[in-house]
Amino acid sequence: MPNAPSSSRVDTEAILNGDRAAFEAMVESETPRLFHIILRYVNDDEAARSLVQETFLQAYKNLDSFRGDSQLTSWVTGIGINLARSWLRKNKRQQPMDEETMERLQPDFRFGRYTGSFEPWDPEQTAERAERKELVHKALDELSDSYREVIVLRDLEERSTKETAELLGISRGAVRVRLHRARQALRSLLDPHFASDFS
Amino acid sequence: MANFLTEWRRRWMLTCQEVNGFLEAYVDGRLDTTTKAQFERHINGCETCRTYLQQYRATIDLVKEADPANDHPPEPSDALVDETLSFLRDHYEPPTNNASS
Ligand SMILES: [Zn+2]
């Protein structure tokens, strides 16, 4: 359970009462988890480190606006996600993929059957590890944020559908649909590189 | 009779499109026993869906393999915690009243 909530060291009441030591204890226990999620969003070490710091600072300054309808740690994670999103907007994304392109990357069906055919993949044989990673990141970067972040939270963070829905403020159904569409789009983008029959 | 056949088909045979619609739930282990059995019966008899499932799973594995966090020890060093704490201490608002700590 790499991401099981570890709120044991988080004394929410003390933190909300302005106990700085309690806040710093949360910083200590939450930093690793927060660093990973932000790193998974931005894929940039330096940026992730400074965004972690910024997240805790914003959390500290805005403690009054925590309404207690979620765990304090989830609220902090939400701040981190928002900062990571705006960092991406400023620094990385070229043209986010539109819905029409997204639709084109989904499989087509006719009378309930796939219209296309598929060759088995053999990623280990067709690309070196470093190259595989690069291809995947390129494909991930093509997805629009709303699809990419569902991949980050479900497939990388391995958060549950429920937790993902809460963090993103969308329904569980929407999480499932987005995840499926995002994976299918990635599959289409990666297909030319990994089909074993490439002669 | 026709109704019976339709019902029979619905219960026993899924189309490729229906199988596709169940992929996320299947991979997540969320399908009920009956649907899972139908799903697997279809997959066993349909090479296209079998290959698609293989690619769908490989996509997830490739994403996990490319996880930026793989390049970092499971717990980032205490250095980041220290950096963060000293960053915060530089930025905390000066206390507005004389609350003792
Ligand atoms: Zn099929």
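Residues numbered from 1 in each chain as written. Chains lettered and ligands numbered in written order. Predicted model: local features only at pLDDT ≥ 70, side-chain atom pairs only at ≥ 80, totals over all residues. Heavy atoms only, no water.

1. What about the overall build of chain B?
- For chain B, the count of helices and strands is five helices and zero strands.
- Looking at the 101 residues of chain B, the share that counts as buried comes to 40%.
- Considering only contacts in chain B between residues 6 or more positions apart, those separated by 24 or more positions represent 52%.
- Taken as a whole, chain B presents about 6,300 Å² of accessible surface, with 52% of it coming from carbon and sulfur. (Helix = DSSP H or I, 4+ residues; strand = E, 2+ residues; numbered from the N terminus. Buried < 20%, exposed > 50% of the residue type's maximum accessible area, 1.4 Å probe, protein only. Contact = heavy atoms within 4.5 Å. Areas by Shrake-Rupley, 256 points an atom, 1.4 Å probe, with all protein chains shown as cover.)

2. What to know about the UniProt feature "domain: Putative zinc-finger" (unreviewed entry) in chain B
- Within this structure's numbering, the places UniProt gives as "domain: Putative zinc-finger" (unreviewed entry) are residues 16-50 of chain B.
- In the segment residues 16-50 of chain B, helix accounts for 83% and strand for 0%; the C-alpha atoms at its two ends are 10 Å apart. (UniProt positions renumbered as here; feature names shortened; annotations may be inferred.)

3. Section: the interface of chain B and chain A
- Facing 46 residues of chain B, the contacting portion of chain A comprises 53 residues.
- Roughly 4,800 Å² of surface becomes buried between chain B and chain A when both sides are summed, with 62% attributable to carbon and sulfur atoms.
- Where chain B meets chain A, there are eight salt bridges.
- Of the charged contacts in the structure, one is a salt bridge between A:R49 and B:E83, with a shortest N-O distance of 3.0 Å.
- Here chain B is connected to chain A by 22 residue pairs in polar contact (both at pLDDT 80 or more). (Buried area = accessible area lost by both parts, 1.4 Å probe. Salt bridge = Lys/Arg side-chain N within 4 Å of Asp/Glu carboxyl O. Polar contact = N/O pair within 3.5 Å; in protein donor to acceptor, adjacent residues only side chain to side chain.)

4. Here's the deal with the packing of helix α2 (residues 20-42) of chain A against helix α4 (residues 72-91) of chain A
Residues and elements named next belong to chain A.
- Close contact between α2 and α4 brings their axes to 10 Å; oriented N to C, the two are set at 35 degrees. Every pair of crossing elements has a handedness; the one defined by α2 and α4 is right-handed. Listed contacts from α4 to M26, E30, R33, L34, I37, I38, Y41 and V42 of α2 are L72, T73, V76, T77, G80, I81, A84, R85, W87 and L88.
- Looking at the contact of α2 with α4 residue by residue, the classes come out as twelve nonpolar, three polar and three charged. (Axes fitted to C-alpha atoms, helices over the stretch in contact; angles between N-to-C directions. Left-handed = near helix turned anticlockwise from the far one by under 90°. Nonpolar A, V, L, I, M, F, W, Y, C, P; charged D, E, K, R; others polar.)

5. Focus on helix α4 (residues 47-65) of chain B
- In a regular helix each residue adds 1.5 Å, so 19 residues correspond to 27 Å; α4(B) covers 26 Å between its end C-alpha atoms and thus fits that length.
- Of all the residues in α4(B), the buried ones are B:C49, B:T51, B:Y52, B:L53, B:Q55, B:Y56, B:A58, B:T59, B:I60, B:L62, B:V63 and B:E65. (Expected span 1.5 Å × (residues − 1).)

6. A short note on the packing of aromatic side chains
- Counted by the stated rule, this structure contains nine aromatic pairs over all chains.
- Geometrically, the ring pair formed by A:F109 and A:Y114 is tilted, given 4.6 Å between the ring centres and 45 degrees between the ring planes.
- Overall, A:Y114 belongs to the buried group, its relative accessible area being 10%.
- Where A:Y114 meets A:F118, the ring centres are 5.1 Å apart and the plane angle is 85 degrees; that geometry is what we call edge-to-face.
- Joined through ring pairs, the aromatic side chains of A:F109, A:Y114, A:F118 and B:Y52 make up one cluster. (Phe/Tyr/Trp six-rings, centres within 6.5 Å; stacked < 30°, edge-to-face > 60°.)

7. Points about the confidence of the model for chain B
- The predicted model of chain B averages 85 in pLDDT, with 75% of residues at 70 or higher.
- Per the prediction output, this complex has pTM 0.87; the corresponding ipTM is 0.89. (pLDDT = per-residue confidence, 0-100.)

8. Some remarks on the coordination of the zinc ion
- At this site the zinc ion is bound by B:C16 (SG), B:H42 (NE2), B:C46 (SG) and B:C49 (SG), with donor distances of 2.0 to 2.3 Å.
- With four donor atoms in place around the zinc ion and angles of 100 to 114 degrees between them, the coordination shape is tetrahedral. (Donors = N, O, S within 2.8 Å, 3.2 Å for Na, K, Ca; no water. Tetrahedral: all angles 85-135°; square planar, octahedral: opposite > 155°, others 65-115°.)

9. Section: the domain arrangement of chain A
Residue and element names in this part refer to chain A.
- One can read the domain layout of chain A as domain 1 (12-91) and domain 2 (99-194).
- Contacts between domain 1 and domain 2 engage 13 residues on the former and eleven residues on the latter.
- Here domain 1 meets domain 2 over a buried area of about 1,100 Å², counting both sides, of which 49% is carbon and sulfur.
- Among the residues domain 1 hides against domain 2, the three largest losses belong to R40, Y41 and R85. Together they make up 48% of the total.
- When the shortest N-O distance is used, the salt bridge between E149 and R85 registers 2.9 Å.
- There are six residue pairs in polar contact (both at pLDDT 80 or more) connecting domain 1 and domain 2.
- If you tally residues by element for the side of domain 1 that touches domain 2, the top one is α4, at seven residues.
- When its residues are assigned to classes, the side of domain 1 that touches domain 2 shows four nonpolar, five polar and four charged. (Domains from an automatic or database assignment.)

10. Some words on the environment of B:L88
- Within the secondary structure, B:L88 sits in helix α5 (residues 78-91).
- On a C-alpha basis, the gap between B:L88 and B:T15 in space is 57 Å, while along the polypeptide they are 73 residues apart.
- Beyond its immediate chain neighbours, meaning those up to four positions away, B:L88 contacts A:F23, A:V27, A:Q53, A:F56 and A:L57.

11. Describing helix α2 (residues 16-27) of chain B
- With twelve residues, α2(B) extends 16 Å from end C-alpha to end C-alpha; this agrees with the ideal 16 Å at 1.5 Å per step.
- Taken together, the buried positions of α2(B) are occupied by B:C16, B:V19, B:N20, B:L23, B:E24, B:A25 and B:Y26.
- Elements in contact with the buried residues of α2(B): β1 (109-110), β2 (113-114), α8 (145-156) and α10 (172-194) of chain A together with α3 (33-45) and α4 of chain B.

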